[in-house]
Amino acid sequence: MSRYRGPRFKKIRRLGALPGLTNKSPRSGSDIRNQSRSGKKRSQYRIRLEEKQKLRFHYCLPERQLLKYVRIAGKAKGATGRVLLQILEMRLDNILFRLGMTSTISGARQLINHRHILVNERIVDRPSYRCKPQEIITARNQKSKVLIQNHVDSSSYHEELPKHLTLHPFQYKGFVNQIIDSQWVGLQINELLVVEYYSRQTKND
């Protein structure tokens, strides 16, 4: 399954706020927590599915790539869910978004694909590039800076900068200070339910 390119507001009405997908917010009472209209109790499978969908749509990932990350996290040291979130949060496209240099993760991906972003003064054109502590992320040239500023000006989404990042906005420069701590993940998510959703597909790995 490819990246989602359909109506974004439809997703946030069902799943709740997904700032990486869109900076719009769901109307009050319209997200998945309001079940009064249908009167139906969600099954455990549906609850796990919706948590997985939140993760996938927020980080703008194809199903196959998300499953790949779950498998990588399952083989790493530490709790699978926590490692999975660290992998997703340290992707270059997400780092740009968390720095506030783009209004969405898909916007960050576009900048990276078009070679507007430098990591340690080298062009990186892979949104999936996993950033490391002490790396410096900058705009490539003046045109890149203009594009970033346009993203910033058009965004209505603002959040506190996570502690693993430092931003010098007038220089269009960001620093990765350390691996992200779980409390600074940019999405309200129960990662354990995501791991449980994929458990059958990964148990034989």
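What you see as residue numbers is a count from 1 along each chain, following the sequence as written. For this predicted model, a pLDDT threshold of at least 70 governs which residues receive local features, and a threshold of 80 or more governs which side-chain atom pairs are given and counted, while totals over whole chains, interfaces and linings are taken from all residues. Excluding hydrogens and water, the side-chain figures rest on all heavy atoms present in the structure.

As for helix 2 (residues 44–58)
- Taking 1.5 Å of rise per residue, the 15 residues of helix 2 would be expected to cover 21 Å, and the 21 Å separating its terminal C-alpha atoms lies within 8% of that figure.
- Within helix 2, the full set of buried residues consists of E50, E51, K52, Q53, K54, L55, R56, F57 and H58. Helical segments are the DSSP runs of H or I of at least four residues, strand segments are the runs of E of at least two, and each set is numbered from the N terminus. For a helix, the expected span equals 1.5 Å multiplied by the number of residues minus one. When accessible area is computed with a 1.4 Å probe and restricted to protein chains, residues below 20% of their type maximum are described as buried, those above 50% as exposed, and intermediate ones as partly exposed.

Brief notes about the side chain of Q53
- Among the structural elements, Q53 can be located in helix 2.
- Residue classification places Q53 among the buried positions, given a relative accessible area of 12%.
- The contact criterion used is simple: two residues touch if any of their non-hydrogen atoms lie within 4.5 Å. With residues near it in sequence (within four places) discarded, Q53 still touches R14 and L15.

Focus on the nonpolar core
- For this analysis, a nonpolar core means a set of buried residues of the types Ala, Val, Leu, Ile, Met, Phe, Trp, Tyr and Cys, connected via side-chain atoms within 4.5 Å. With 49 residues, the main nonpolar core has L55, L84, L88, L92, I95, I117 and I137 as its most contacted residues.
- Those residues in contact with I137 that lie beyond four places of it in its chain are L92, I95, L96, I117, L118, V119, C131, Y172, K173, G174 and V176.

Comments concerning the packing of helix 3 (residues 63–75) against helix 8 (residues 191–202)
- Every angle, taken between N-to-C directions, lies between 0 and 180 degrees, and every axis is a line fitted to C-alpha atoms, over only the stretch in contact when it is a helix. Relative orientation of the contacting elements helix 3 and helix 8 amounts to 85°, with a least axis distance of 10 Å. Here helix 3 lies roughly perpendicular to helix 8, going by the angle between them. Counting all contacts with helix 3, which are made through E63, L66, L67, V70 and R71, the residues of helix 8 involved are Y198, Q201 and T202.
- In this count, Pro and Cys sit with the nonpolar residues alongside Ala, Val, Leu, Ile, Met, Phe, Trp and Tyr, while Asp, Glu, Lys and Arg are called charged and the others, Gly among them, polar. Its residues placed into classes, the contact of helix 3 with helix 8 shows four nonpolar, two polar and two charged. Convention used here: angles under 35 degrees read as roughly parallel, angles over 145 as roughly antiparallel, angles from 65 to 115 as roughly perpendicular, and any remaining angle as oblique.

Examining the side chain of E135
- In this structure, E135 sits in the loop between strand 2 (122–123) and strand 3 (136–139).
- A residue counts as positive if it is Lys or Arg and as negative if it is Asp or Glu; His and the chain ends are not included. Salt bridges are defined by distance alone: a side-chain nitrogen of Lys or Arg within 4 Å of a carboxyl oxygen of Asp or Glu. Here E135 sits buried without a salt bridge, and the closest side chain of opposite charge, K132, lies 4.0 Å off (N-O distance).
- Filtering out sequence-adjacent residues up to four positions away, E135 remains in contact with V119, N120, Y129, R130, G174, F175 and V176.

The values reported here are purely geometric and, on their own, carry no functional implication.
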